[in-house]
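# What the coordinates show
Spelled out from the first residue to the last, the chains are:
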Amino acid sequence: MRPALITSVLLAALLPLAAPPAHAAAAVPPGHVYFWAEPGQMGPGGAWDYAPPGYKEAAPRVKRHAYSFDSHAPVTVYAISFQGGGACVYRAIRPDDYSDNWGWATRFDGVSDTPMGCQAG
C-alpha cells in the first residue's frame, strides 16, 4: 500500500473517535441551569451556570444577552428582569425546560428559585 492511502485509511478510521468541536454545548448536570450568550447553546465563554437555591446575578456575557438556556434543575426557577422604578418581572423556567432561541434574551438580569416579589412578565 502507498503511504498516502494508508494515511487516508487511518484518518477515516480515527475521525469518528475525535472529540466534539470546542463550540459544542456542554451537558447540563442535574440540579443546574445553563445560559448561553448565543442561540443554539453556544457563545463566547461557554455556559453560565445557576444552581438553586437563592438569587444569582447574571454574568456580564449573558446579562440582557442570554439567547439560549437548558434547565436540569429539580424545581421551577425564575429568570428575573429589573425594570425602572424598582419594579421587576419574572419568567418561569420549569425542570427540563430549554430554548435554543429564547425570546427573553434581552430582559435577563439574573435567576432565582423564587419570583422575588416580581410580576409575571
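Residues numbered from 1 in each chain as written. Predicted model: local features only at pLDDT ≥ 70, side-chain atom pairs only at ≥ 80, totals over all residues. Heavy atoms only, no water.

Going by an unreviewed UniProt entry, the chain carries the name Secreted protein and comes from Streptomyces pseudovenezuelae.

### Looking at unusual backbone geometry
Put simply, the rule reads: The way it works is that DSSP assigns letters per residue, a run of H or I at least four long becomes a helix, a run of E at least two long becomes a strand, and they are numbered from the N terminus.
Cis geometry is adopted by the peptide bond preceding Pro53, which originates at Pro52 and carries an omega value of 10 degrees. Structurally, Pro53 can be placed in the loop between strand 2 (48–50) and strand 3 (56–57). The backbone phi angle of Gln41 is positive, close to 60 degrees, even though this residue is not glycine. Relative to the elements of secondary structure, Gln41 occurs in the loop between strand 1 (33–36) and strand 2.

### Section: a nonpolar patch on the surface
Applied cut-off: Patches here are clusters of residues that have more than 30% relative accessible area and form no salt bridge, with a 9 Å joining cutoff for like charges and a 5 Å cutoff for nonpolar side chains (Val, Leu, Ile, Met, Phe, Trp, Tyr). Only the protein chains shown count as cover for residues, and the accessible areas themselves come from Shrake-Rupley with a 1.4 Å probe. Salt bridges are counted wherever a side-chain nitrogen of Lys or Arg sits within 4 Å of a carboxyl oxygen of Asp or Glu. Burial status follows relative accessibility: with a 1.4 Å probe on protein chains alone, a residue under 20% of its type maximum counts as buried, one over 50% as exposed, and anything between as partly exposed.
On the surface, Tyr55, Phe82 and Met116 cluster together into a nonpolar patch covering about 250 Å² of accessible area. Here Phe82 shows up in strand 5 (residues 77–82). Overall, the relative accessible area of 35% leaves Phe82 in the partly exposed class.

### Let's talk about the sheet that holds strand 9 (residues 119–120)
Test applied: For two strands to count as paired, DSSP must find a minimum of two bridges between them.
Spatially, 3-8-5-6-9 is the arrangement adopted by the five strands of the open sheet, whose pairing is mixed. Both edges of this open sheet fall to strand 3 and strand 9, since each of them pairs with a single strand only. Bridge analysis of strand 5 against strand 6 (residues 88–93) gives six bridges, and the strand direction is antiparallel. Of the residues in strand 6, the one forming a bridge with Phe82 is Cys88.

### Here's the deal with the environment of Tyr78
Checked against the element boundaries, Tyr78 lands in strand 5. Given the relative accessible area of 16%, Tyr78 is considered buried. Distance in space between the C-alpha atoms of Tyr78 and Cys118 is 9.7 Å, their sequence separation being 40 residues.

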